[in-house]
Structure formats: structure tokens, C-alpha cells
Amino acid sequence: MKPAFTVNLAEPKKYLLLNVQLLVEGAEPVEKIKKHMPLLRHEMIMMLSGLHAADLQTMEQREGLRLKTKEMITGLLTKIQNPDGFRDVFFSEFLIQ
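The notes below deal with the structure included here. (Residues numbered from 1 in each chain as written. Predicted model: local features only at pLDDT ≥ 70, side-chain atom pairs only at ≥ 80, totals over all residues. Heavy atoms only, no water.)

Focus: the pattern of salt bridges
Put simply, the rule is: Note on definitions: salt bridges are taken to be side-chain nitrogens of Lys or Arg within 4 Å of carboxyl oxygens of Asp or Glu. Elements are defined by DSSP. Helices are runs of H or I of four residues or more, strands are runs of E of two residues or more, and each kind is numbered from the N terminus. Exposure classes here rest on a 1.4 Å probe applied to the protein chains alone. A residue is buried below 20% of its type maximum, exposed above 50%, and partly exposed in between.
What the rule picks out here adds up to five salt bridges. Across the pair Arg 87 and Glu 25 runs a salt bridge, and its minimum N-O distance is 3.3 Å. Here Arg 87, found in strand β3 (residues 86-96), pairs with Glu 25, found in the loop between β2 (15-24) and α1 (27-35); they are 62 residues apart in sequence, far enough to count as distant. Residue Arg 87 is classed as partly exposed on the basis of its relative accessible area, which comes to 39%. Since its relative accessible area comes to 46%, Glu 25 is described here as partly exposed.

Notes on the pairing of β2
Definition in use: Any two strands between which DSSP finds at least two bridges are classified as paired.
With four bridges joining them, strand β1 (residues 5-8) and β2 adopt antiparallel strand pairing. Residue Asn 8 lies in a different strand from β2, and its bridge partner there is Tyr 15. The turn joining β1 and β2, which pair antiparallel and follow one another in sequence, is formed by six residues; a positive phi near 60° is taken by Lys 13. Inspection of the sheet shows β2 paired to β3 by nine bridges, in the antiparallel sense. Opposite Leu 22, over in β3, you have Val 89 as the bridge partner.

Considering the packing of aromatic side chains
The criterion, for reference: Centres within 6.5 Å make a pair out of two Phe, Tyr or Trp rings, where for Trp the six-membered ring is used; the pair is then stacked when the planes are under 30 degrees apart, edge-to-face when over 60, and tilted otherwise. Remark: a charge is flagged as sitting over a ring if the NZ atom of Lys or the CZ atom of Arg is within 6 Å of the ring centre and within 35 degrees of the ring normal.
Considering all chains together, one arrives at one aromatic pair under this definition. Considering the side-chain rings of Phe 91 and Phe 94, the 5.9 Å spacing of their centres and the 45° angle between planes classify their relative orientation as tilted. The lysine or arginine in question, Arg 41, covers the ring of Phe 5, its NZ or CZ lying 4.2 Å from the ring centre.

Comments concerning the packing of α1 against helix α2 (residues 37-48)
Put simply, the rule reads: As a rule, the C-alpha atoms of each element are fitted with a line to give its axis, helices using only the stretch in contact, and angles between N-to-C directions run from 0 to 180 degrees. Note that the term roughly parallel is reserved for angles under 35 degrees, roughly antiparallel for angles over 145, roughly perpendicular for angles of 65 to 115, and oblique for everything else. Only heavy atoms enter the contact rule, under which two residues are in contact if any of them lie within 4.5 Å. We call Asp, Glu, Lys and Arg charged. Ala, Val, Leu, Ile, Met, Phe, Trp, Tyr, Cys and Pro are nonpolar, and the rest, Gly among them, are polar.
Contact geometry of α1 with α2 gives a least axis separation of 5 Å together with a crossing angle of 60°. Taken together, α1 and α2 sit at an angle that is classed as oblique. Each of Ile 33, Lys 34 and Lys 35 in α1 lies in contact with α2, whose residues at this interface are Met 37, Pro 38 and Leu 40. When the residues that make up the contact of α1 with α2 are grouped by side-chain class, the tally is four nonpolar, no polar and two charged.

Some words on the sheet that holds β2
Adjacent strands of a sheet pair through backbone hydrogen bonds, lying either parallel or antiparallel. Taken together, three strands build an open sheet; the order of strands is β1-β2-β3 and the sheet is antiparallel. Across the chains shown, the open sheet's two edge strands, defined by having one partner strand only, are β1 and β3. For this sheet, the mean angle separating the axes of adjacent strands, direction not counted, is 30°. Along the sheet, α2 contacts β1 and β2; its crossing angle with β1, the most-contacted strand, is approximately 40°.

Fair warning: the whole summary comes from geometry, so function is off the table for now.
This is the structure we're talking about:
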């Protein structure tokens, strides 16, 4: 998902920089996801901006966020189209400042 997400966290002067990659199989699912990318990005920003830095410190917390992100995207794709082809979400950059 380009560009990377940069969001203010739910506390003063804290932000999160997050690069998210989607694992999608097949040309048709890729095109459907590209078509709905504005919705997916919006929902990601809204979800991420409600987080606190303390909730993202451990590997377990970050893995929990990854799974929550996957569930959210799967749910959105189910509402607007068939989620077939969408397999997983990965964070390739994660920075809290």
C-alpha cells in the first residue's frame, strides 16, 4: 500500500510510520483491491490513529496489530466484493516517534 502510512497516534507528539504490504493472488483480485484502495487506506488511517505508543511496543502487540489489520481488510473486502485472492498483510517498516 503506497505511500507508507504516517499517522498521529492518540497521544500528543507521537506518530507512527508504517509501510504495509498486501499478499494477493491473481490478477483480478489485485485489480479489485486497487480499485478500493482509497477506502482501505482511509480505514487503516482511522484505525491506526486511535492507537497509543504503549500498545505497540512488543512483538506480540505488533503481531496483534497485523492480525487486526488483516481482519479489517478482509471484512471490508467482504462487504464490497469477494475477498478471494487476499491472503495476508505484512509490515515492512514500523517506526514510532
